[in-house]
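Overview (structure and organization)
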Amino acid sequence: RNNWHSHTGGQLLLVTAGRGFYQERGQEARQLLPGDVVEIAPNVVHWHGAAPDSWFSHLAVECNPATNRNTWLEPVDDDAYRAATAPKPSQAKTDDGLPNPLAAFASSDPELSALAAGFACGETQQYGSLDRRTRVLVTLASVVALQSDELLAPLLDAALDAGIPPVEIRETVYQTIPYVGMAKGADAVAAMNRRFTTRGISLPLEACGTTTPDTRFEQGLALQKSIFGEAIDRMYETSPADQIHIQHYLSANCFGDYVTRKGLEVRMRELLTFSMLVSLGGCESQVKGHIAGNAAAGNDKATLMAVLTQLLPYIGYPRTLNGLTCLNETIPEND
């Protein structure tokens, strides 16, 4: 961190990598992530520097260079630095390290951020018994489906901070692509690769594909049948001739290209698919199908209920209630 200082002509900070903080005298510190821009007015006393647990890089642009003068003041002492960079209640994380979804608004909308912290980092985390890996990965899949750039980078960091291997994070993002589409998938992969690069993870990661152009259909169809059983045969038998190609694509592309990949077990891939589908909305028939698929893969109703509760703050009540209806219709309470 640098000392307290000011500029007679003002300054711009352009954050390029890592995680840091900016603080004006008498104000709360602001967390800085890659892509953030700070506009500093003339003569405002401030400091900026790295977070306690991260390196940090930015471009500092002095405005009005012909007349701009810097005034360097006293150091930011350790107590002031710890106080500035300590997590605020409205920026709290869950026990599993998931960030408050609305932490970015702690300064501009403190009441809203505090409400989100209490609900998303408190109440909904107390339901069920999901392990840390599952909780983080299903939330990541949901946020990709929702196409939330604001929440994606913090969740990717949370996954890495939780010790989840980069390959499992990548496979979670890849698993979303046949369900949310390549348009959303491209944004998610780009965000993921930026976070990996920032955190010093070399790309590309190890390959995880298990099929070839000659085997993708056969292996994909076999995996479909191992999860969904005779329902796959009925889909092929009842598809009109001009629509059968979609069934072939599901077998070869969705399952053969993606679900057969190494890096995540089938049980987790089905759980991620359930998370994506309830997040997308309007996919109730597919949600029911994959609830049955989850049951076949070893995920019981209690697990799916815990996932749905975990996702409630992110997807809202209508989609949660639709998911709950699908769950109760597919796996009735007495089952």
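In what follows, the accompanying structure is described. (Residues numbered from 1 in each chain as written. Predicted model: local features only at pLDDT ≥ 70, side-chain atom pairs only at ≥ 80, totals over all residues. Heavy atoms only, no water.)

1. Quick notes on the packing of aromatic side chains
This model, assessed by the stated rule, comprises two aromatic pairs. Judged by centre distance (5.8 Å) and plane angle (55°), the rings of tryptophan 47 and tyrosine 81 are tilted. Placement of the pair is tryptophan 47 in strand E6 (residues 46–50) and tyrosine 81 in helix H1 (residues 78–85), with a sequence separation of 34 residues. Arranged with centres 6.1 Å apart and planes meeting at 90°, the rings of phenylalanine 228 and phenylalanine 255 form a pair that is edge-to-face. Taken as a pair, phenylalanine 228 in helix H7 (residues 216–228) and phenylalanine 255 in helix H9 (residues 244–259) lie far apart in primary sequence, 27 residues in all. A relative accessible area of 4% places phenylalanine 255 in the buried class. The lysine or arginine in question, arginine 25, covers the ring of tryptophan 4, its NZ or CZ lying 4.5 Å from the ring centre. (Phe/Tyr/Trp six-rings, centres within 6.5 Å; stacked < 30°, edge-to-face > 60°. Helix = DSSP H or I, 4+ residues; strand = E, 2+ residues; numbered from the N terminus. Buried < 20%, exposed > 50% of the residue type's maximum accessible area, 1.4 Å probe, protein only. Lys NZ or Arg CZ within 6 Å of the ring centre and 35° of its normal.)

2. Considering the layout of surface pockets
Quantified by volume, the largest pocket comes out at close to 1400 Å³. If you trace the largest pocket, you find 46 residues lining it, with Arg19, Gln31, Leu33, Pro154 and Asp157 closest to the centre. Every element with two or more residues in the lining of the largest pocket is listed here: strand E4 (30–32), helix H4 (149–161) and helix H6 (182–198). Among the elements that take part in the lining of the largest pocket, H4 stands out by supplying 10 residues, more than any other. (1 Å grid on protein atoms, 1.4 Å probe; cavity = no way out; pocket = protein on both sides within 12 Å on 5 of 7 lines; lining within 4 Å. Points joined across faces, edges and corners; volume = space filled by probe spheres on them.)

3. A word on the packing of helix H3 (residues 132–146) against helix H10 (residues 266–280)
At their nearest, the axes of H3 and H10 sit 8 Å apart, and the two run at 40° to each other. Considering the angle they form, H3 stands oblique to H10. Of the two possible hands of crossing, H3 and H10 adopt the one that is right-handed. Taken together, the residues of H10 that come into contact with H3 (itself represented by Arg133, Thr134, Leu137, Val138, Ala141, Ser142, Ala145 and Leu146) are Arg267, Met268, Leu271, Leu272, Ser275, Met276, Ser279 and Leu280. Here the contact of H3 with H10 is built from residues that sort into 10 nonpolar, four polar and two charged. (Axes fitted to C-alpha atoms, helices over the stretch in contact; angles between N-to-C directions. Parallel < 35°, antiparallel > 145°, perpendicular 65-115°, else oblique. Left-handed = near helix turned anticlockwise from the far one by under 90°. Contact = heavy atoms within 4.5 Å. Nonpolar A, V, L, I, M, F, W, Y, C, P; charged D, E, K, R; others polar.)

4. Brief notes about the pairing of strand E3 (residues 20–24)
Burial runs high along E3: four of the five residues are buried. The sheet contact formed by E3 and E4 spans three bridges and is antiparallel. Pairing of tyrosine 22 across the sheet is with arginine 30, part of E4. Connecting E3 to the antiparallel partner E4 that follows it, the hairpin turn spans five residues, and glycine 26 within it adopts a positive phi of roughly 85°. Across five bridges, the pairing between E3 and E6 is antiparallel. Each residue of the ladder has a partner; that of glycine 20, found in E6, is alanine 50. (Pairing = 2+ DSSP bridges.)

5. Some thoughts on the nonpolar core
Among the nonpolar cores identified, the biggest contains 63 residues, and Leu140 and Ile169 are the most heavily contacted of them. Contacts of isoleucine 169, omitting those with residues within four sequence positions, involve Leu140, Leu156, Ala159, Leu160, Ile164, Met192 and Phe196. In terms of nonpolar packing, the next biggest core, distinct from the first, is built from eight residues, Trp4, Phe21, Ala29 and Ala51 among them. (Core = buried A, V, L, I, M, F, W, Y, C linked by side-chain atoms within 4.5 Å.)

6. A word on a nonpolar patch on the surface
The grouping of Leu14, Val37, Leu59 and Val61 at the surface amounts to a nonpolar patch, some 290 Å² of accessible area in total. Take valine 37: it is sitting in strand E5 (residues 37–40). Taking relative accessible area as the criterion, valine 37 reaches 41% and is therefore assigned partly exposed. (Patch = residues over 30% accessible without salt bridge, like charges linked within 9 Å, V, L, I, M, F, W, Y side chains within 5 Å. Areas by Shrake-Rupley, 256 points an atom, 1.4 Å probe, with all protein chains shown as cover. Salt bridge = Lys/Arg side-chain N within 4 Å of Asp/Glu carboxyl O.)

7. Describing empty space enclosed by the protein
A full pass over the atoms with the stated rule returns two cavities of 30 Å³ or more. Here the largest cavity is characterised by a volume of approximately 50 Å³. Lining of the largest cavity is provided by Leu277, Val278, Gly281, Glu284, Val287, Arg319, Asn322, Gly323 and Cys326. Elements represented by at least two residues in the lining of the largest cavity include exactly H10, helix H11 (284–297) and helix H13 (317–330). Counting residues per element, the lining of the largest cavity draws most heavily on H13, at four residues. Tallied by class, the residues present in the lining of the largest cavity amount to four nonpolar, three polar and two charged. In this structure, the second largest cavity spans a volume of roughly 40 Å³. What lines the second largest cavity is simply Val143, Val144, Gln147, Ser148, Asp149, Leu152, Lys184, Asp187 and Ala188. Contributing elements (two or more residues each) for the lining of the second largest cavity: H3, H4 and H6. Here the lining of the second largest cavity gets three residues from one element, more than from any other, and that element is H6.

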